[in-house]
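Here is how the chains run, residue by residue.
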Amino acid sequence: MKLFLTILTVLSSFLANLETKTLQSDFTVAVAEEVNAPMNYPGTITMHGDCFRLVMFAIDAAYDGKTLYMYSGETDELTLSNPTEQELVEANPFLYAKALVKVCNITERASSDGKQTIITLTPKDQSIGINRFTLRVRNEDLMPLQVEIKEGKKISTLKMKNPKFVTAKQNYTIKAEAGTYINDLRF
């Protein structure tokens with residue numbers, strides 16, 4: 001029982017940090033299947049609670065708690081929508097971790113040097129689409145360092161580069177420039 005309480009304390013503390021502090025980091029996502037070399041995609045993220053700003057694949061995305069903004073520079077199009085919870089967790093791995101807590105078995109272990117906690121969420125029902133979600137958190141400040149999602153033969157790994165908590169006020173909206181096509185799907 002003590003181990004279970006420790007697990008919930010580490011994971012709960014990490015998720016509480018994301019509710020009260022603003023995380024900012026560059027990252028790389030590597031997507032690999034068992035037989036292929038991984039494809040690497042760089043990006044940046046800033047998030048506080050459910051709100052976030054994400055730049056990746058020439059797409060600038062932001063969520064202000066109500067509206068999801070998706071800007072494509074290639075098409076000069078800004079799409080506005082009221083996302084479902086599922087769309088939000090698909091866009092942000094930390095929101096995904098929060099959603100998984102309810103439907104997963106949770107284990108934790110210390111890294112070999114003891115400076116990180118490795119939290120593994122394994123779905124109780126494998127029909128939800130993933131085999132495993134693993135989160136590495138630095139113990140010193142509960143900073144997320146890496147997320148790995150295993151789906152069948154595919155492994156997606158998000159590695160944070162110089163993550164930090166910032167105090168400056170952040171903007172979680174995207175304003176259209178003159179001439180940008182606006183696709184407003186809000187209802």
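A brief structural summary. Predicted, not measured: the structure shown is a model, and the values here were computed from it.

What counts, and at which threshold
Residues numbered from 1 in each chain as written. Predicted model: local features only at pLDDT ≥ 70, side-chain atom pairs only at ≥ 80, totals over all residues. Heavy atoms only, no water. Helix = DSSP H or I, 4+ residues; strand = E, 2+ residues; numbered from the N terminus. Rg over C-alpha atoms; globule rule 2.2 N^0.38 Å. Buried < 20%, exposed > 50% of the residue type's maximum accessible area, 1.4 Å probe, protein only. Contact = heavy atoms within 4.5 Å. Areas by Shrake-Rupley, 256 points an atom, 1.4 Å probe, with all protein chains shown as cover. Lys, Arg positive; Asp, Glu negative; His and termini not counted. Charge placed at Lys NZ, Arg CZ, Asp CG, Glu CD. Polar contact = N/O pair within 3.5 Å; in protein donor to acceptor, adjacent residues only side chain to side chain. Pairing = 2+ DSSP bridges. Axes fitted to C-alpha atoms, helices over the stretch in contact; angles between N-to-C directions. Phe/Tyr/Trp six-rings, centres within 6.5 Å; stacked < 30°, edge-to-face > 60°. Lys NZ or Arg CZ within 6 Å of the ring centre and 35° of its normal. Core = buried A, V, L, I, M, F, W, Y, C linked by side-chain atoms within 4.5 Å.

A count of helical and extended segments in the chain gives three helices and twelve strands. In terms of C-alpha radius of gyration, the chain reaches 17 Å, essentially the compact-globule figure of 16 Å for 187 residues. Sorting the 187 residues of the chain into buried and exposed places 42% on the buried side. When contacts within the chain are restricted to residue pairs at least 6 apart in sequence, long-range pairs at least 24 apart make up 48% of them. Surface exposure of the chain reaches about 10,700 Å², of which carbon and sulfur atoms provide 54%. Looking at charge distribution, the chain has the averaged site of its 21 positive side-chain charges lying 7 Å from that of its 22 negative ones.

Take helix 3 (residues 93-100) next. Of all eight residues making up helix 3, six are buried, and the element is well covered by its neighbours. Every buried residue of helix 3 is listed here: Pro93, Phe94, Leu95, Tyr96, Ala97 and Leu100. N-cap assignment for helix 3: the residue whose side-chain oxygen lies 2.9 Å from the backbone N of Phe94 is Asn92.

With mixed pairing, twelve strands are arranged side by side in an open sheet as 7-8-9-10-11-1-2-3-4-5-6-12. Only two strands of the sheet have a single neighbouring strand rather than two, namely strand 7 (104-110) and strand 12 (181-184). Direction aside, neighbouring strands of the sheet carry axes that sit 15 degrees apart on average. Note: strand 3 (residues 51-56) against strand 4 (residues 59-63), five bridges, orientation antiparallel. Looking across to strand 4, one finds that Val55 is bridged to Asp60. Strands in contact with helix 3 are strand 1 (22-33), strand 2 (39-48), strand 3, strand 7, strand 8 (116-123), strand 9 (132-138), strand 10 (143-151) and strand 11 (154-166); relative to strand 9, the strand with the most contacts, it is inclined by about 115 degrees.

Two numbers describe a pair of aromatic rings. These are the distance of the centres and the angle of the planes. Scanning the model with the defined rule gives four aromatic pairs in all. Residues Phe52 and Tyr63 carry aromatic rings whose centres are separated by 6.1 Å and whose planes lie at 35 degrees to one another, so their mutual orientation is tilted. In this pair, Phe52 is assigned in strand 3 and Tyr63 in strand 4, connecting sequence segments eleven residues apart. Assigned by exposure class, Phe52 and Tyr63 land together as buried. Between the NZ or CZ atom of Lys21 and the centre of the ring of Phe165, over which it lies, the distance is 5.1 Å.

Further remarks concern the nonpolar core. Residues Phe27, Phe52, Phe94, Ile119, Phe133 and Leu135 are the most contacted members of the largest nonpolar core, which totals 37 residues. When neighbours within four sequence positions are excluded, Phe133 is seen to be in contact with Pro93, Tyr96, Ala97, Leu100, Ile119, Thr120, Leu121, Val147, Glu148 and Ile149. Counting five residues, the second-largest nonpolar core is a separate cluster that includes Ala62, Tyr69, Leu80 and Ile174.

Quick look at the side chain of Ser81 now. Tracing the backbone through its elements, the reader meets Ser81 in strand 6 (residues 77-81). When its relative accessible area of 16% is taken as the criterion, Ser81 is described as buried. Apart from residues lying up to four places away in sequence, Ser81 is in contact with Lys66, Thr67, Leu68, Leu185 and Arg186.

That's the geometry; what it means functionally is another story.
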